[in-house]
Structures are given as C-alpha cells and as structure tokens.
Amino acid sequence: MKFTLKDYQEDAVRDVLKHLGKARKDWRDGSYKTAFALTATTGAGKTVMAAAVFEALFFGNDDYDFEPDPGAVVIWFSDDPALNEQSRFRLYEASDTLLIYDQLVVVENTFNHEEFEPGKIYFLNTQKLSKKSLLVRGHDETDPGVETTESGLALKPDGRGFTIWDTIRNTIENPDKTLYLLLDEAHRGMGEGARSNGSGKPTIVKRLINGTGGVPGIPVVWGISATVDRFNQAIAGMQDKLSTLPNVVVDTKKVQESGLLKDTINLDIPNEVGDFKTVLLRRGADKLKAISKEWADYAEIQGDPNPVLPLMVLQVPNSPDPMDIGSWLDVIFEEFPDLPDGCVANVFGEHKTEQFGKHTVRYITPERVQESHWVRILVAKDAISSGWDCPRAEVMVSFRTATDRTHITQLLGRMVRTPLARRIPGHEKLNAVDCLLPQFNKSSVTKVVDSLMTGGDTGEDPASRRVLINPKEMLPNPDIPEAVWEKLLSLPSQTIPRRHSKPVKRLTALAHELAVDGLIKDAGKKAHAEMHKVLDGLQVQFADEIKAARESVLTVEGLTAKTDVETREMSFNDFVETADFAVIEDAYKRTARIISPDLARTYSEYLAAKKPDMDPEESLIEAHTVIASLGLFEEIQSRLEDEASKLANRWLEQHRVAIKDLKDDRQDVYRQIREMSADPMDVDLARPKSWLQPTVERKEDGTETELPRFDRHLLCDEDGLYPCEFNAWEDKVLSTELGRDKTVAWYRNPARASQDSLGITYLNGDEAKVVRPDFIFFSQSDDGSIAADIVDPHSHHLSDALPKLQGLARYAEQYGAIYRRIDAVTKIDDRFKALDLKEETVRQAVFDATSAKDVFVGEFANNYEV
C-alpha cells in the first residue's frame, strides 16, 4: 500500500478479510453463498480500504494473518462507467502492488474469454450487461432480437465464443476459482426492474446475485456504501437465499477524528428578504479568492511548491438559461480577476461543451476534476454523480431553492474530504467548506442544517462536524502575552492508543521516517540491531526451553493407525521422522508473523553471517531453524514488543524538538506513529491560528439572539471579544474564573478532535476514549510566570461520568506538576462543588468510587467559588 491506513481503516480491512475468508470456506466446503456490506460515511476512504483487502486477497498479509486465495477473481460492479473509472484510478493510486501486476481490467465490448483469470479485478457496469450490449447478445435464446442458426441455437455477434454470462458461469463452476462480486454504491440497483409493483424483471444486480438463465448466482457478494439499508433489505428478500454476515460498520466519529474530513461546513444566507444572488455570488468569489491566498501562504510557509488550488462549484437549476449562467460567471471574474482564462468546466448530463454568454465552457468527466488543476469554477446541476468527490472544492454557491435542499446536501456531502488528506493544525478556515445559499432564508436553511447533521434523506450516518450559519473568523488575540501561548503549547495532550498495535512494525516505521528526515542515520539498521540483541538475550536466558523447542521443530511426530481385520479393533503406534526443509520453513513463517517478516529476515541474515565457515544455504536453514524455535517460546512476542516500544518511545522523546521543527505533513507522520502505540502517548498541541464561530443563536421559530461575547480569550474578533454560547454550569465556571484577580487569559478547549484541542484518555469499560476539558485558564504569578488551570464542569449523572473523572484524575497524577489547579466541578442540588484532583487523597477517592456523585457529595469536595 502507498498509504498508511488509519486505525479505523485497519479495523475494517481486518473484519472484511475475516468475512471473505469465511465466505470462501463456506463456498468451497458446502457451496453456501454469502453476502455482507462495508458501510462508511462519505470520505472515509472506502476505495483505499478495498485496495488493502485486494492486496491481501491476492498476495496474503501477515499483519492480518490472512492466506492468499490463488483462485480469487473479483468483479467490481456499479451502475456508472464514470464511477468505475474513478474507482479504478483510486485503486491504482492506493496500491502499487495492483499497479505493478496490472490486475485491474476494464471489460470492453470486445471481451471474449471462456473464464475470468484469477488474480484480476474486472470492472463491469449496468450498461455492459444491458439487453443491447454486445457482451450479452446470444445469452437469452428467447430474445427476438437474437439471430439463431438453422438448429435454433443463438448466434453470438462477431463470431465471439462466449457471452459475459458464459464467462461468469464458467468461472463460478471452476472448483479452483472463487468469484467475488463487489457492489460499489451497493444501495443502488436493488429495486425491481420494469414495474414498480415488483412483477417486472429483476435488476441486473439481482440477476448477478440470484443467477439467471442457467447462470448460478455469484458465491460471495460484498457491498460497499454509505447507506446499506436497501442492500440489506434486498439481500434478505433474494430468491436464492444467501448466508449473511454482520455488516462491517465504520464509526463515523473515528473518520471525523482522523482528519480525512473537513471539520466545519459554513452556510451563508441573506439576513433580509430580496434577490441577493449577485451579492452572495460576489461573496462566494471573495471566499474563493481568500481561501486561494490562504492555501498559497500555507504552502509557502511549508516550503511546498504545489499549493492546493481550490475551486468553486456553481450549482444551477436543472433547466438554466445559458445567458444567466454567463452573467453569473461575469460576476465571478469581475470579483476575482486573477482567475485564468479557460478555468471553467461543466459536468452537465449532456456531456458537451456549453456556451454561457461569452464563456465557452468545456465538459469534463467528474472523476477528472480533482486532478485537473486548470478547473477553478465547476458548473453543476445535481449531485454530479454517486461516489464523486473533490477535495479541492472549497466553495459552493447554489442557486437552488429551498425545495431543492436534497440536491444541495447531496452535492455538499461530496465536498467534505480534506485536500491534503489531513487536518491543517490550528487553522479552522483551511479545515472548512463554504456554501452560499442566496435563495434561502433563516427558516428554510435549518432544514439543510438538520439534513447535514442527521444524515437527512440519504440515511447516511453523519460525521460529527459543525455546521455554522454566517460564522465569523476568530484570530489570535493581540492583547494576550506570548508567555500564555507558550504555556498552552507546553501542555501535554493524549491520543487513543491503537487496539491492534504492532510495536515492531511501529519501530520499523519510525526508523524509516527518522532516516528520511536525517534525524538518525541508518535508523532502520540500528533499530533491527537492537532487536537482534533482544533475541540473542532470549536465546541465552531461556537456553533449555529453546533447545527443547528446537527438537520439536526438527522432528515430526505422528501416529500410525493399525486395524485388525478380523476383530475390527484399532490401535495407534507413534512414529517420529526428521523434519524436512518445508516443515522448517512453515515453522519459520509462523514465527515471522509473530516478530514481523522484516525482522525475521534481517535476524536470519545476522545469524547466518555469524557462521562464515558453513555453507551459505545451510547457514540460512540453520538460522531459520533457530527463529522457528524461538516462535515456540511463549514469551518471545511480549518481550520483543516491550523492548520495541521502549526504543520507539525513547527515540520519539529524544527527537521531539527536532520533529516540531519539521513541516506540518512530516509532523503528521510522526503523530500517526505516536498513535500506533498500545498505550496512551503524549502529543503536542498545535497553536490555533484561525477559528470560525457563530455569532447568533437561532431559535426553532427562526428568530435570532446575539451570543454574549467575552474578553481575554486567546482568539477573538476585531473587537477583541469571543462570542460563545454556554450552559448554566459553564457560565458559572467562566464568570467565577474571570472574576479571579490574577486571571489573564482563557481557552475554550475545542470539543473536536483537532491538534489544537487538549485531549485526556480514559477507559469506558475496555474501550479507550478521549475527554476534552471545557476550559483552560491562565493566571500570572507574583514572579511574572504564567500558570495554567484546567477547570472542567462535569456532569455527575451521566453513565460515563465516573470513567471520565477517573481519566482526569490519572492525568492529574501524571502531569499535576505542570498545572496550578486541575478541578472537576459539578452541581449538587443548588450548590456547585469542586474536586481538587492535584490532591492524592482526592484522586484515590475517585479511583475507589462506584459513582461520580459519591465523590462530589463526600468529604473531599469543596464549595466552588471565587
């Protein structure tokens, strides 16, 4: 894989492979057909996950403990040729292995093979299997349009030997092959054809699954979609019953936290009644100009010669007047004159060059928009196409009316991927998408917000992003001393550890990156040399146990069954044979999966090099025997992983300052490596540069109330104030802390999983989660130094209240010396109570408690007041 998978992607790939392995076994053992789906929100990287699955399916993967299927054949099916082409491009973009072995095949009308070739992915679409397609002509002999021979047999066009249905049938019936059907956008094509009452012909998708005209159904069906309800219902109602496995569901919150999706959607609407198309279009052009400059400035700071080139989507009605579109384009170019000529394209269904006033606008296929950097204005109608998205699309101006909100939300939902596939630290403006709606008002826009926040008509599980209406940008407060910023950035933040951490793999990845950045020369060799010492030490420490294990590797024990023909009595005799090379290699490979194939290889070479007098081939076999013996020793994995974690953490700490001096993209690589730890790891906070904040509270009846604004916040508006809405408990904490004489600044800790948000890990049962305290306050000591306080209003009645409180207590136990105060605050009856978590006795009470309320009403709680 060219990409390092996110944690949630690895989990999904692992689960999909388990399902495919079981489905393959069921088909081979009992001819049972199986179906399941992978469901993940738009932008989660479903095609990247599919690429990782295919690599393992064709070549195996030790990390997932998955053996390859030598007879695997995949049909990638969708209802849109353009979507297929985009998916094929993304698979090649994600996997160098699929590219090297040329494993992606587009089935053209000239395709004529008896069977599909194993190790290939064949791209088919609905049109290729339609009645008029050359690929199927001759399959249905009852079709009056099919020419026949004198004997009545169907005559295939162009003298071809096989229809595509013949190829599918022959592949399924070959016992050495397993045919897998991947349905892209699996919720589509699952209805009935012809008639709405269900009496019409089954859709092509259903024919592939159920079988048709003597062609059996495809044995393994894997659907991919953001919304799989229709897929689930269709599978349950299939004529040819399938065994269904639980769907692999990706947690949308983890997708949002990964940084692959934009954190914020900004909706701009007019505050008055009237025709504001031109006004908001100019504003949209201004936003495009501003965000283009922001990306250019960011690229310059990072030393990137290829800045992101954002584009605007201009969404027009279904039957637009070309002259109107021409005048709208005139407005955009007037407002943003630096836009180059010929930077406008259209994705209309007519698939042709359009003339909009004086503007000649070429057609472009949706899947080519992202890579075609010349496109800066994209004119569209509906949602463009299923599966389409464009991370460069940062601004949308929609001339749709309130009755077309579904078209707006569908298209906007395709604009949520971050351009660099990562969150830009501390810069919310670069982590947002802007949508301007001239035809909407305060009342009608709430339906768009609801749809974006709840999934709306799509049924898609929405990501936990913010949707803001007419927000204002907050910038660093010029009145805040630099010492406060330095204190904020010194505070340790934590991330969730990975469930399936592989410390040796993490160490190898870290060594590679440290070598790339010139921080440790030959880091990979040094890392493996340290691990070789660990393995050498295990051989010495457990010499007797490993000697016995060696004997086990070099011998094969078995039983001979002996049956007396007359009495029919059976007896067993033991036998022992010397293991051959194949047996030793099998044991070696099992150990390699435990310690990592790469380390097994380098340790083999290391051991072989220590015996220069031995024949090279024999010394390597001897080395493999030693490694195979180590694999039978139960403690090897835990010992090795423990030492690998220690070395990786030591290197990360030693080079922490140097890593902070690297560019953002390189820092992000190390952040991901930190997060590969099995234990919570500290990460540095990013300095916030730009936030977007609402300034009014909107009621359900459409009325608005201005939000209160507060001074001394680290980010502020042009008046030096920060607008924010608080509940009663938060308001009490803020007024109390700002009322203290020495408070000089405060920070509303973002609730989102961004690098400028301080996170604290806690355990809710067996699951690791992150709590983000509401407030950090800064005060100036008598000696002029800046002290930091965490004050967290803490609901004691919620089910996770105690685990969160215990997480905060553990954080205080580890990092209390960095803070002046770490207080948890709640309201008991009519009094506010506080727990001073820097006090050891208070922490112990929290650890021993059975509920959060018990601690707050106990002897260790104080009244919370100035």
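Here, the structure is the one placed above.
Reference entry: report on the structure contained in this document. Along each chain, numbering runs from 1 in the same order as the chain's sequence is written. At least 70 in pLDDT is required for a residue's local features to be given in this predicted model, at least 80 for side-chain atom pairs to be given and counted, and no such filter applies to totals for whole chains, interfaces and linings, which use all residues. Computation of side-chain values: all heavy atoms of the structure, hydrogens and water removed.

### Structural notes on the environment of His797
- Of note, His797 is situated in the loop between β35 (786-793) and α24 (801-815).
- A 1.4 Å probe rolled over the protein chains alone gives each residue an accessible area, and that area as a share of the maximum for its type sets the label: buried under 20%, exposed over 50%, partly exposed in between. According to the relative accessible area criterion, His797 is exposed, its value standing at 58%. Helix and strand assignments come from DSSP, with helices taken as H or I runs of at least 4 residues and strands as E runs of at least 2, each series counted from the N terminus.

### Thoughts on the pattern of salt bridges
- A side-chain nitrogen of Lys or Arg and a carboxyl oxygen of Asp or Glu constitute a salt bridge if their distance falls within 4 Å. Scanning the model with the defined rule gives 58 salt bridges in all.
- Measuring nitrogen to oxygen at the nearest pair gives 3.9 Å for the salt bridge that ties Asp330 to Lys358. Pair noted here: Asp330 is in helix α10 (residues 322-335) and Lys358 is in the loop between β14 (354-356) and β15 (359-363), with a separation of 28 residues, a long-range link.
- A relative accessible area of 24% means that Asp330 is categorised as partly exposed.
- On the basis of relative accessibility, which here comes to 68%, the residue Lys358 falls in the exposed class.
- Overlapping salt bridges bring together Glu737, Arg740, Asp789, Arg820, Arg821 and Asp823 as one network.

### A look at a nonpolar patch on the surface
- Excluding any residue in a salt bridge, patches collect residues exceeding 30% relative accessible area, merging like charges within 9 Å and nonpolar Val, Leu, Ile, Met, Phe, Trp and Tyr side chains within 5 Å. Areas reported as accessible are Shrake-Rupley estimates using a 1.4 Å probe. Residue values count occlusion only from the protein chains shown. A contiguous nonpolar surface patch, about 350 Å² in accessible area, is contributed by Phe59, Ile100 and Tyr101.
- Along the chain, Phe59 turns up in helix α2 (residues 46-59).

### A look at α24
- In this scheme, a helix's expected span is set at 1.5 Å multiplied by one less than its residue total. The end-to-end C-alpha distance of α24, which contains 15 residues, comes to 21 Å, matching closely the 21 Å that a straight helix rising 1.5 Å per residue would cover.
- Summarising burial for α24: 11 of the 15 residues are buried, a large majority.
- Along α24, the positions that sit buried rather than exposed are Ala801, Leu802, Pro803, Leu805, Gln806, Gly807, Leu808, Ala809, Tyr811, Ala812 and Tyr815.

### Observations concerning unusual backbone geometry
- Unlike most non-glycine residues, His351 shows phi in positive territory, near 55°.
- Here His351 is to be found in the loop between β13 (344-346) and β14.
- When its relative accessible area of 52% is taken as the criterion, His351 is described as exposed.
- Although it is not a glycine, Arg712 adopts a positive phi angle of roughly 70°.
- Note that Arg712 resides in the loop between β28 (709-710) and β29 (715-716).
- Overall, Arg712 belongs to the partly exposed group, its relative accessible area being 26%.

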